[in-house]
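Structural characterization, general
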Amino acid sequence: MIFLKSMLDQINQEFQTLNSEGGWVFWCLLALAFGISFAIISIWLLLRLPNTPVISGAQWRDLLLEGSRSMDLFKTLRKKISEKKLGGQLNQIEAQMFSSLKRRIPFTFVLITTAPMVGLLGTVSGMNTTFSGMADASSAGPSSVIAEGVSEALITTSTGLMIAIPSYIILFYLWVQYRRLRHGFRLIESRLSE
């Protein structure tokens, strides 16, 4: 229990340091990080195919990822499509399953690539603080003014990169999963039209 309290105190102290030295750009980066997290989680949930017609999302995933190994599922799908006369509407089924993902993945890539740019904005802001502080005749010594500006510059730059790099890796993995599902759908579509 004492270890946990000590660890929480250290985290709190570190967060207060980042808050005071990171400047306003640090808060923009935190907001961006929450937006990226929300977008990645929503993509992950959409990859489970929650809104699928004809058969369940889990059945679609099995069928799209396993392909020809799931003949029973394919026969079930073919039977339900012929019963509901949906043979000519496979494009609509594909749009219903993948349209949200098709829009969210590129948007999330844009959000992620924004994080290092906002970090660089923090670098410029920190350097501006440094140079304007050096130009002013203040009671604080020039070394403290320089340290404050450089601290802001480094904190925001590193925070932008720490947000972008893992987010990009995770999103790339999800994008590969999306491409596999789309490829599987095209294979199923070609088999259904035989």
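Each remark here, short or long, concerns the structure printed above.
Report follows, based on the coordinates. (Residues numbered from 1 in each chain as written. Predicted model: local features only at pLDDT ≥ 70, side-chain atom pairs only at ≥ 80, totals over all residues. Heavy atoms only, no water.)

The next thing to look at is the overall build of the chain. Broken down by element type, the chain carries 5 helices and 0 strands. For the chain, the sequential pattern of α-helices and β-strands runs α-α-α-α-α. Computed over the C-alpha atoms, the radius of gyration of the chain is 25 Å, more than 25% above the 16 Å expected from 2.2 N^0.38 for a compact globule of 194 residues. If one aligns the C-alpha atoms of the chain with their principal axes, the spans along those axes are about 85 × 45 × 20 Å. Counted over contacts in the chain with a minimum sequence separation of 6, partners at least 24 positions apart contribute 76%. Counting every atom, the chain has about 12,000 Å² of accessible surface; 64% of that belongs to carbon and sulfur. (Helix = DSSP H or I, 4+ residues; strand = E, 2+ residues; numbered from the N terminus. Rg over C-alpha atoms; globule rule 2.2 N^0.38 Å. Contact = heavy atoms within 4.5 Å. Areas by Shrake-Rupley, 256 points an atom, 1.4 Å probe, with all protein chains shown as cover.)

Let us look at the nonpolar core. Core analysis: the largest hydrophobic core is formed by 39 residues, its most contacted members being W60, L63, L64, L77, M97 and F98. If you list the elements that add at least two residues to this core, you get α1 (2-46), α2 (57-66), α3 (71-83), α4 (90-135) and α5 (142-192). The greatest single-element share of this core, amounting to 10 residues, is contributed by α4. Excluding residues within four positions of it along the chain, L63 makes contact with I55, S70, L73, F74, L77 and I188. (Core = buried A, V, L, I, M, F, W, Y, C linked by side-chain atoms within 4.5 Å. Buried < 20%, exposed > 50% of the residue type's maximum accessible area, 1.4 Å probe, protein only.)

Here we take up the packing of α2 against α5. Between α2 and α5, the shortest axis-to-axis distance is 7 Å and the interhelical angle comes to 85°. What the angle tells us is that α2 and α5 run roughly perpendicular. On α5, the residues touching W60, R61, L63, L64 and L65 of α2 are R180, L181, G184, F185 and I188. When grouped by side-chain class, the residues that make up the contact of α2 with α5 number 7 nonpolar, 1 polar and 2 charged. (Axes fitted to C-alpha atoms, helices over the stretch in contact; angles between N-to-C directions. Parallel < 35°, antiparallel > 145°, perpendicular 65-115°, else oblique. Nonpolar A, V, L, I, M, F, W, Y, C, P; charged D, E, K, R; others polar.)

This part covers the packing of α2 against α3. The angle between the axes and the distance between the axes are what describe a pair of packed helices. Axis separation between α2 and α3 bottoms out at 9 Å; the angle between their running directions is 120°. When the axis of α2 is compared with that of α3, the two are oblique. α3 is crossed by α2, and the crossing has left-handed handedness. Residue-level inspection shows Q59, W60, D62 and L63 of α2 in contact with α3, the latter providing L73, F74 and L77. Its residues assigned to classes, the contact of α2 with α3 comprises 5 nonpolar, 1 polar and 1 charged. (Left-handed = near helix turned anticlockwise from the far one by under 90°.)

Further remarks concern α1. Taking 1.5 Å per residue, 45 residues should reach 66 Å; α1 reaches only 42 Å between its end C-alpha atoms and comes up short. Along its length, α1 reaches its greatest deviation from straightness, about 115°, at G23. Of the residues making up α1, those classed as buried are G22, V25, F26, L29, L32, A33, I36, A39, I40, S42, I43 and L46. Residues of α1 that are buried in the fold lie against α4 and α5. (Expected span 1.5 Å × (residues − 1). Bend = angle between axes of the 7 residues up to and from the residue.)

So, about a nonpolar patch on the surface. A surface patch of nonpolar side chains, about 690 Å² in accessible area, is lined by M1, F3, L4, M7, L8 and I11. Secondary-structure assignment places L4 in helix α1. The exposure class of L4 is partly exposed, given its relative accessible area of 43%. (Patch = residues over 30% accessible without salt bridge, like charges linked within 9 Å, V, L, I, M, F, W, Y side chains within 5 Å. Salt bridge = Lys/Arg side-chain N within 4 Å of Asp/Glu carboxyl O.)

The next point concerns the side chain of T156. Summarising the element assignment, T156 is placed in helix α5. Here G119 takes part through its backbone oxygen, which lies 3.4 Å from a polar atom of the side chain of T156. The contact partners of T156, leaving out residues within four places of it in the chain, are G22, V25, F26, L29, G119, G122 and T123. (Polar contact = N/O pair within 3.5 Å; in protein donor to acceptor, adjacent residues only side chain to side chain.)

What follows is about the pattern of salt bridges. Pairing between side chains becomes possible if they bear opposite charge and their charged atoms approach one another. The tally for this structure, following the rule as stated, stands at 2 salt bridges. K5 is paired through a salt bridge with D9; the nearest N and O atoms lie 3.5 Å apart. Taken together, the residues span about one helical turn, with K5 and D9 both in helix α1 at a distance of 4 residues. Given a relative accessible area of 54%, K5 falls into the exposed group.

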